[in-house]
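# Per-entry structural report
One-letter residues, chain by chain:
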Amino acid sequence: MADKNIYTVVVADDEDELRDAVCTMTPWEALGFHLVGSASNGLDALELEESLEPDLQLNENPMPFIS
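First things first, this report covers the structure right here in the doc. Source: prediction; values computed, not measured.

Cut-offs and rules
Residues numbered from 1 in each chain as written. Predicted model: local features only at pLDDT ≥ 70, side-chain atom pairs only at ≥ 80, totals over all residues. Heavy atoms only, no water. Salt bridge = Lys/Arg side-chain N within 4 Å of Asp/Glu carboxyl O. Helix = DSSP H or I, 4+ residues; strand = E, 2+ residues; numbered from the N terminus. Buried < 20%, exposed > 50% of the residue type's maximum accessible area, 1.4 Å probe, protein only. Lys, Arg positive; Asp, Glu negative; His and termini not counted. Contact = heavy atoms within 4.5 Å. Phe/Tyr/Trp six-rings, centres within 6.5 Å; stacked < 30°, edge-to-face > 60°. Arc of directions from axis to C-beta.

According to the stated counting rule, one finds one salt bridge in the structure shown. We note a salt bridge from aspartate 16 to arginine 19, for which the minimum N-O separation is 2.9 Å. Taken together, the residues span about one helical turn, with aspartate 16 and arginine 19 both in helix 1 (residues 16-25) at a distance of three residues. On the basis of relative accessibility, which here comes to 43%, the residue aspartate 16 falls in the partly exposed class.

Here it is, written out as structure tokens:
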């Protein structure tokens, strides 16, 4: 059986309820993704991007601290 690629994803949104919903209600593994982090502002999102190098980053624009 061939290995399925698992891609990494980071979710960034300053609205806590929306960010939590996207993180918890999306069937990441079934879609071929592994959620590796979430951020509530632009600076934290940038730090996660630089340290984790995710394959996909979902974010709201504009984000606090970075426009």
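The next subject is the side chain of aspartate 13. As for its position among the elements, aspartate 13 is in the loop between strand 1 (7-12) and helix 1. Despite its burial, aspartate 13 pairs with no opposite charge, the nearest such side chain being arginine 19 at 5.8 Å. Contacts of aspartate 13, omitting those with residues within four sequence positions, involve Leu18, Arg19, Ala39, Ser40, Glu60 and Met63.

Inspection of the entire model under this criterion finds two aromatic pairs. Relative to phenylalanine 33, the ring of tyrosine 7 lies with its centre 6.0 Å away and its plane at 45°, an arrangement referred to as tilted. Of this pair, tyrosine 7 sits in strand 1 while phenylalanine 33 sits in strand 2 (residues 33-39), and the two are 26 residues apart along the sequence. Looking at tyrosine 7, the relative accessible area reads 39%, which means it is partly exposed. Measuring from centroid to centroid gives 6.2 Å for tryptophan 28 and phenylalanine 33, while their planes differ by 80°, and the two rings are edge-to-face. The class for phenylalanine 33 is buried, based on a relative accessible area of 19%. Within the aromatic cluster, the residues linked to one another by ring pairs are Tyr7, Trp28 and Phe33.

Most of the time, phi is negative for any residue but glycine, and the peptide bond is trans. Despite not being glycine, glutamate 53 shows a phi value in the positive range, around 45°. Tracing the backbone through its elements, the reader meets glutamate 53 in the loop between helix 2 (42-52) and strand 3 (56-59).

Here the focus is helix 2. Residues Gly42, Ala45 and Leu48 constitute the buried set of helix 2. The arc that holds the buried residues of helix 2, viewed along the axis, is 120°, so those residues lie on one side. In helix 2, the exposed positions angled more than 90 degrees off the buried face are occupied by Glu47, Glu50 and Ser51. Among the structural elements, strand 1, strand 2 and strand 3 are those in contact with the buried residues of helix 2.

The values reported here are purely geometric and, on their own, carry no functional implication.
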